[in-house]
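Summary of the model geometry
This is what each chain is made of:
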Amino acid sequence: MPTPNWETIVKRNILMNPGPVNVTDKVRDAQLRGDLCHREPEFSELMRSIRHKLVQAFNIEQEYTAILITGSGTAALEMAVSSCLAPGRSMLVIQNGVYGERIGKMADVYRMDKCVLTYSWGELPRLEAIEDTLKNDPSIEVVAMVHHETTTGLLNPLPEIAALAQKYDKRLVVDCVSSLGGDIINLAEYPIDFVVGTANKCIHGLPGVSFVLHRKKDLCRVEDIPARSIYFNLADHHKAQEQGDTLFTPAVQAHYAFDAALDELIEETVKKRIARYRRTAERLRKGFEEIGLELLIPEGRRSNCLTALKLPDGISYPWLHDRLKENGFIIYAGQGLFNNKIFRIANMGDIRNEEFEKFLKVLKECFVTTRKAGE
Ligand SMILES: Cc1ncc(COP(=O)(O)O)c(C=O)c1O
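Within every chain, residues take consecutive numbers counted from 1 along the sequence as written. For this predicted model, a pLDDT threshold of at least 70 governs which residues receive local features, and a threshold of 80 or more governs which side-chain atom pairs are given and counted, while totals over whole chains, interfaces and linings are taken from all residues.

1. Some words on the overall build of the protein
Only DSSP runs of H or I covering at least 4 residues are called helices, and only runs of E covering at least 2 are called strands; the numbering of each starts at the N terminus. Scanning the protein from terminus to terminus reveals 13 helices and 14 strands. The globule rule is 2.2 Å times the number of residues to the power 0.38, and the radius of gyration it is compared with is taken over C-alpha atoms. Taking 21 Å as the expected radius of gyration for a compact globule of 375 residues, we find that the protein reaches 21 Å, a close match to that expectation. Oriented by its inertia axes, the alpha-carbon framework of the protein measures out at about 65 × 55 × 35 Å. Three classes are used. A residue is buried when 20 or more other C-beta atoms lie within 10 Å of its own, exposed when 12 or fewer do, and partly exposed in between, with C-beta atoms placed from the backbone. Counting all 375 residues of the protein, 43% fall into the buried class. C-beta atoms are first placed from the backbone for all residues, and any pair lying within 7 Å is then listed as a contact. Long-range contacts, defined as pairs at least 24 residues apart, comprise 73% of the intrachain contacts of the protein with a sequence gap of at least 6.

See below:
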């Protein structure tokens, strides 16, 4: 096989951070569809198209409705969390990383009653503890969790927790911001009442628009919950969007790009994209192991979308980051207590196989260079 000309391949920054992601030219160019007022019928049509394509892509047209919000993934998460709990009831929050803890903080900001099960970062939540809590605390109405905890690359046991939520008749809110489109979420088998997602991770859109996929049969309950927020009230957004209207000024150009990204997802199919992500993650992990790097999360618990790696002794994250950036690759630091202990490599977005190969080659060179210098 001829060796590719690496120099001509890397002409752009390859984003191996977990969003925003590299997008196709078609998605990027869609932003230039034209200036548009959000009160015109063309924007209603664009919104209708995105909402429809979302439920179409995930094959959930019958059961779910999509509610859009201008903002990052956290905006959609806040819309779900602030809107899901009836007054006087409480929320069970499962935390084992930055994003689970963020749900807990949101519940505090909105002065919601909550009960928390906290685990170390990278540790799996214990199902018996979750079941005990649900069995013994009738005040709990909602269970909230993260699917792919991006802090560590751990995939939380969503099917099992969803089964428990169903068994005890609890509503389920799941932050799927970094897994929807990249890891399996079987909504037909284990329904989630609020699926929180964003345009600019595994769906390959641009930052600025996020969404909640909400089970239609729960809409009446949510409509009865008094609003806790002006911007983030899910029922109000839903009502407006059903009428082709939008509450506030949306990020119009991000919506154009999102619509184009959904066309590409539907063409590829969610199933095939997940399979592609899995193959890429496996290829990268094989390469990491060949370089001698240690993975943080054991096999079988890793997401398809991101790998957390331990920083070898004697290598600082800023040094590694800067060497890779000089070669056109952007990687991601460990957060909080993992700062300068791990680094993270995401494989989301429009990145070609030869670019992943080039990345492994450059990464290997970084470590060979330092090993030689240390000899
Ligand atoms: C699991 C998860 N939830 C929420 C967020 C927050 O998303 P955003 O930064 O788009 O607000 C992220 C971001 O990486 C994430 O990985």
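Let us keep going from here.
2. Re the domain arrangement of the protein
Residue ranges assigned to the domains are those given by an automatic or database domain assignment. If you check the domain split of the protein, you get domain 1 (6–16 + 270–374) and domain 2 (25–268). Relative to domain 2, the C-alpha centre of domain 1 lies at a distance of 28 Å. At the junction of the two partners, domain 1 supplies 23 residues and domain 2 supplies 24 residues. Going through the elements one at a time, α11 (270–291) and β11 (306–310) are the ones with two or more residues in the side of domain 1 that touches domain 2. Note on residue classes: Ala, Val, Leu, Ile, Met, Phe, Trp, Tyr, Cys and Pro are nonpolar, Asp, Glu, Lys and Arg are charged, and everything else, Gly too, is polar. By residue class, the composition of the side of domain 1 that touches domain 2 is 11 nonpolar, six polar and six charged.

3. What about the site of the ligand?
To decide nearness, the C-beta atom of each residue is placed from the backbone, and the residue is near a molecule or strand if that atom lies within 6 Å of it. Of all residues adjacent to the ligand, which total 13 residues, the nearest are Ser72, Gly73, Thr74, Thr150 and Ser178. If one sorts the elements of the shell around the ligand by residue count, helix α4 (residues 73–83) sits on top with three residues. By residue class, the composition of the shell around the ligand is five nonpolar, seven polar and one charged.

4. Topic: the sheet that holds strand β14 (residues 342–346)
Strand pairing is assigned whenever DSSP detects at least two bridges linking the two strands. The three strands are arranged β11-β14-β13 in an open sheet whose pairing can be described as antiparallel. Every interior strand has two partners, whereas the edge strands, β11 and β13 (332–333), have only one. Relative to β14, β13 runs antiparallel, the two sharing two bridges. Residue Ala333 lies in a different strand from β14, and its bridge partner there is Phe343. Comment: axis = line fitted to C-alpha atoms, over the contacting stretch for helices; angle = value between 0 and 180 degrees taken between N-to-C directions. Across the sheet, α11 is in contact with β11 and β14; its angle to β11 comes to roughly 10 degrees.

5. Focus on the environment of Lys105
Relative to the assigned elements, Lys105 resides in helix α5 (residues 98–109). Overall, the presence of 12 C-beta atoms within 10 Å leaves Lys105 in the exposed class. When the C-alpha positions of Lys105 and Phe232 are compared, they lie 16 Å apart, and in sequence the two are 127 residues distant.

6. Regarding the packing of α4 against helix α9 (residues 234–242)
Where α4 contacts α9, the two axes come as close as 8 Å, and the packing angle between them is 115 degrees. Judged on the interaxial angle alone, α9 and α4 are roughly perpendicular. Counting all contacts with α4, which are made through Met79, Ala80 and Ser83, the residues of α9 involved are Leu234, Ala235 and His237. Across the contact of α4 with α9, the residue classes break down as four nonpolar, two polar and no charged. Angle categories are assigned with fixed cut-offs, so that under 35 degrees is roughly parallel, over 145 is roughly antiparallel, 65 to 115 is roughly perpendicular, and the rest are oblique.

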